[in-house]
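The primary structure of each chain is shown beneath.
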Amino acid sequence: MQRTLALVAMGLISFPALADRMPIPADAPPAFKAECGSCHLAFPPALLSADDWRRVMGGLDKHYGDNATLDEKTRRPIEDFLIRNAGSGRRTMGAGVPPRLTFTDWFRHKHDEVPAAVWKDKQVGSAANCAACHPRAEAGSFSEREIRMPGGYRHEHD
Amino acid sequence: MKHVIPLALLATCGFAAAETPRQIADGYAATQAAGFQPSAQRGGEFYSRKFGVSEKMPACAACHTEQPAQSGRHAITGKDIKPLAPVANADRFTDPAKVEKWFTRNCKEVVGRECSTAEKADFVAFLMEKR
């Protein structure tokens with residue numbers, strides 16, 4: 001009973017949608033996964049604010065040390081899609097400039113149990129390499145049950 | 001009649017024209033002086049050369065690895081990249097627009113300029129021979 005109450009309370013103060021399922025919204029233009037999923041995971045749009053997506057999509061030629069330029073007829077529908085499905089509130093706060101969803105308070109909070117050595121593991125390389133620890137990230141699943149960390153670290157889900 | 005126009009447009013745009021790696025290599029080679037032959041050996045040297053332009057991406061092999069018939073790994077993000085050699089990945093060098101897009105991006109980053117059509121012809125020839 002106590003456990004149920006605690007769970008209900010947690011549900012109330014945390015986010016309306018389940019945090020461990022973030023599939024790509026169905027209104028994504030076909031180019032989204034192909035273009036934004038080739039160098040890294042096609043990130044769930046809800047993890048950045050509309051303003052931050054505008055910033056990302058307005059500077060694809062200088063993209064975090066890489067060049068992700070698209071022609072305008074491909075770029076525009078992707079930007080519109082990201083803005084339509086952008087997040088707000090605590091989940092997107094703290095992204096910084098240039099915006100990184102891995103810098104938000106929400107992301108840090110969700111990953112407070114990840115040992116420093118794991119972030120530095122060669123298999124991980126970058127916090128944005130979600131699939132290194134979430135093997136079903138591509139399908140939008142981040143469930144704690146599925147986590148597999150490189151270097152043999154174990155995560156005890158509670 | 002109304003329906004004919006869009007179809008004709010599609011046809012003349014060469015919409016999603018699927019080609020073979022050989023056709024793509026020949027297309028690049030055709031822009032060269034007569035007598036030019038794509039060279040897998042030159043392509044292989046280009047593939048592994050360290051251009052020293054970008055610290056994190058010194059060579060094509062930095063992400064596509066020295067074994068292009070095996071999976072690569074993005075040097076910054078760590079994401080897996082499917083093999084670049086057609087022998088291991090039949091989708092490679094079949095979509096001219098995709099090939100051009102990545103040549104443009106990756107050459108600018110690694111080489112510091114666009115690759116020439118001769119370099120592209122050699123590069124494709126190298127990957128076609130890779131087993």
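In this text the structure is predicted, and so the values were computed from the model without any measurement.

Conventions used here
Residues numbered from 1 in each chain as written. Chains lettered and ligands numbered in written order. Predicted model: local features only at pLDDT ≥ 70, side-chain atom pairs only at ≥ 80, totals over all residues. Heavy atoms only, no water. Disulfide = S-S within 2.5 Å. Buried < 20%, exposed > 50% of the residue type's maximum accessible area, 1.4 Å probe, protein only. Helix = DSSP H or I, 4+ residues; strand = E, 2+ residues; numbered from the N terminus. Contact = heavy atoms within 4.5 Å. Lys, Arg positive; Asp, Glu negative; His and termini not counted. Salt bridge = Lys/Arg side-chain N within 4 Å of Asp/Glu carboxyl O. Polar contact = N/O pair within 3.5 Å; in protein donor to acceptor, adjacent residues only side chain to side chain. Domains from an automatic or database assignment. Buried area = accessible area lost by both parts, 1.4 Å probe.

**Some details on the state of the cysteines**
The full count for this structure, using the stated rule, is one disulfide over all chains. B:Cys107 shares a disulfide with B:Cys115; S-S distance 2.0 Å. Linking B:Cys107 and B:Cys115, the disulfide has an S-S dihedral of approximately -95° and is accordingly described as left-handed. As far as burial versus exposure is concerned, B:Cys107 and B:Cys115 are alike and both buried. For A:Cys39, which is in no disulfide, the shortest distance to another cysteine sulfur is to B:Cys63 and amounts to 8.1 Å.

**A few points about the environment of A:Trp119**
Residue and element names in this part refer to chain A. Within the fold, Trp-119 resides in helix α6 (residues 116-120). Sequence separation of Trp-119 and Asn-129 is 10 residues, and the distance between their C-alpha atoms is 10.0 Å. Residues within four places of Trp-119 in sequence aside, it is in contact with Phe-107, His-111, Val-114, Val-124, Gly-125 and Ala-127.

**Description of the side chain of B:Lys79**
Within the element layout of this structure, B:Lys79 appears in the loop between β1 (72-73) and β2 (80-81). Put simply, B:Lys79 is tucked away with no salt bridge, and the nearest opposite charge, on A:Glu138, sits 4.7 Å away. A distance of 3.4 Å separates a polar side-chain atom of B:Lys79 from the backbone oxygen of A:Gly37.

**Focus on the domain arrangement of chain A**
Residue and element names in this part refer to chain A. Along its sequence, chain A is carved into domain 1 (28-93) and domain 2 (111-158). Each of domain 1 and domain 2 has a C-alpha centre, and these two points are 23 Å apart. Of the residues lining the interface, four residues belong to domain 1; the matching set on domain 2 comes to five residues. For the pair domain 1 and domain 2, the summed buried area comes to about 390 Å², and 70% of that belongs to carbon and sulfur atoms. Connecting domain 1 to domain 2 are zero salt bridges.

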